Amino acid sequence: MPADAPSSALDQRPRPPDGPMVPSRHRITSRDVETADTVTLGLEAVDEPIPDHRPGQFSMLYAFGAGEVPISVSACPAPGREVRHTIRAVGATTRALCGLRPGAMVGVRGPFGVGWPVDVAEGADVLVVGGGIGFAPLRPVVHQVLAGRERFGKVAVLVGARTPADVLYQEELADWRDRAGLQVEVTVDVAPRGWTGHVGLVTSLLGSSTIGFEGVTAFLCGPEVMMRVVARALIDRGTDPGRILVSLERNMHCAVRLCGHCQLGPMFVCAEGPVLSWASAAPLLAVRRW
């Protein structure tokens, strides 16, 4: 079409056929500031709605004019309601997404990947351990457990962050502790004057947990080194590696196992992950470079 074609003609161009590589337009309906560099966006479909997310799955979020990034869902809505993603501004695209306001449009592809198998924890104690922004993909796990609270044993939520100001969902954490009766513990790397909570690695919180480690189902997400240390500590306490579940972060571009950016040994994290048992993940992560 000529460069000087009227905008009305451009607007009438047929939309590309739907497919996993075609973003669905979503309007931002809410924007909650979580920390100085992190926001949670609520998104509502403008085009045909994408399938509902399951806890642990991710979307490819497209900031028009900036790029596309994989972001895990941080709250799974009722069918047809807004989906929520928590985003930390660490690069050009995430900064663009974090800067958007309600009413702005983004593109969404997904949902992709294997989610958290929360149902396998029924009848057992549940341990949720999140580090930094890695706590965001774990939030829907807690929501699902609370929705069926009678089907699970004791529940402990352990959160690690760089500073108290970097802890996500602080009001919700307090609500889980005070109203839902969960054990909720927070530790930080650096404590300001007046901080009376824990300081140190998140593994330091395991000693005060009331759950039974031998039968627990553990959900871990955060920096890879954190997941390694926590998984090792749990195994030392008798936890079955097959019941330790982790979410791997890799450089996902296409999300449909075509580009190879997320390949880890024989697997593609975008399709066969990001959630794996530690029994499956540990041998892959033990190889220094594939």
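Here, the structure is the one placed above.
Below or above, wherever it landed, is the structure these notes cover.

The rules behind each value
Residues numbered from 1 in each chain as written. Predicted model: local features only at pLDDT ≥ 70, side-chain atom pairs only at ≥ 80, totals over all residues. Heavy atoms only, no water. Helix = DSSP H or I, 4+ residues; strand = E, 2+ residues; numbered from the N terminus. Rg over C-alpha atoms; globule rule 2.2 N^0.38 Å. Buried < 20%, exposed > 50% of the residue type's maximum accessible area, 1.4 Å probe, protein only. Contact = heavy atoms within 4.5 Å. Areas by Shrake-Rupley, 256 points an atom, 1.4 Å probe, with all protein chains shown as cover. Lys, Arg positive; Asp, Glu negative; His and termini not counted. Charge placed at Lys NZ, Arg CZ, Asp CG, Glu CD. Salt bridge = Lys/Arg side-chain N within 4 Å of Asp/Glu carboxyl O. Pairing = 2+ DSSP bridges. Axes fitted to C-alpha atoms, helices over the stretch in contact; angles between N-to-C directions. Phe/Tyr/Trp six-rings, centres within 6.5 Å; stacked < 30°, edge-to-face > 60°. Lys NZ or Arg CZ within 6 Å of the ring centre and 35° of its normal. Core = buried A, V, L, I, M, F, W, Y, C linked by side-chain atoms within 4.5 Å.

**As for the overall build of the protein**
When helices and strands are tallied, the protein shows seven helices and 15 strands. Against the compact-globule benchmark of 19 Å for 290 residues, the protein has a radius of gyration of 20 Å, which places it among compact chains. Oriented by its inertia axes, the alpha-carbon framework of the protein measures out at about 70 × 45 × 35 Å. Burial statistics for the protein: of 290 residues in total, 47% are counted as buried. Sequence separation of 24 or more characterises 68% of the internal contacts of the protein that already satisfy a separation of 6 or more. Total accessible area computed for the protein in this model is approximately 13900 Å², and 52% of it derives from carbon and sulfur atoms. In the protein, 28 positive and 29 negative side-chain charges are present, and the distance between their average locations comes to 4 Å.

**Some points on the pattern of salt bridges**
One pass over the structure, following the stated rule, counts 13 salt bridges. Across the pair R179 and D175 runs a salt bridge whose closest N-O atoms are separated by 3.4 Å. Overall, R179 belongs to the exposed group, its relative accessible area being 71%. Residue classification places D175 among the partly exposed residues on the basis of a relative accessible area of 30%. When salt bridges that share partners are traced, they join D32, E82 and R84 into one network.

**Focus on the pairing of strand β5 (residues 83-88)**
On a regular strand, each side chain points to the face opposite its neighbour's, so the side chains alternate between the two faces of the sheet. Burial within β5 is extensive, with six of its six residues counted as buried. Burial of β5 is two-sided: the residues V83, H85 and I87 facing one way and the residues R84, T86 and R88 facing the other way are all buried. With six bridges joining them, strand β2 (residues 38-45) and β5 adopt antiparallel strand pairing. What sits directly across from L43, in β5, is V83.

**Remarks on the sheet that holds strand β12 (residues 244-247)**
Within a sheet, neighbouring strands are paired by backbone hydrogen bonds and run either parallel or antiparallel to one another. Spatial strand order, β10-β9-β8-β7-β11-β12-β15: seven strands in an open sheet with mixed pairing. The open sheet terminates on both sides in strands that have one partner only, identified here as β10 (198-199) and β15 (275-277). Bridge analysis of strand β7 (residues 126-131) against strand β11 (residues 217-221) gives five bridges, and the strand direction is parallel. Along β11, the bridge assignment pairs V129 with L220. The sheet contacts of helix α5 (residues 224-236) involve β7, β11 and β12, and relative to β11 the element is tilted by about 165°. Sheet contacts for helix α7 (residues 278-285): β12 and β15; angle to β15, the most-contacted strand, approximately 95°.

**Things to note about the packing of aromatic side chains**
Applying the stated criterion across every chain, the model contains five aromatic pairs. Ring centres of F58 and F112 lie 5.8 Å apart, and the angle between their planes is 40°; this geometry places the pair in the tilted category. Of this pair, F58 sits in strand β3 (residues 58-63) while F112 is found in strand β6 (residues 105-112), placing the two residues 54 residues apart along the sequence. Here F58 and F112 have matching classes, each one buried. With 6.3 Å between their ring centres and 75° between their planes, F135 and W176 make a pair best called edge-to-face. Of this pair, F135 sits in the loop between β7 and α3 (139-147) while W176 is found in helix α4 (residues 170-178), placing the two residues 41 residues apart along the sequence. The residues F135 and W176 share a single accessibility class, namely buried. The rings of F135, Y169 and W176 are connected pair by pair, giving a single aromatic cluster. The ring of F213 carries the charged tip of R237 above its face, separated from the ring centre by 5.6 Å.

**Here's the deal with the nonpolar core**
Membership of the largest hydrophobic core comes to 37 residues, with the highest contact counts inside it found for L127, V129, L220, L234 and L248. A total of six residues in this core trace back to one element, the largest contributor, which is α5. Core analysis: the second largest hydrophobic core is formed by 28 residues, V157, A161, L168 and L173 among them.

Just distances and angles here, no functional claims.
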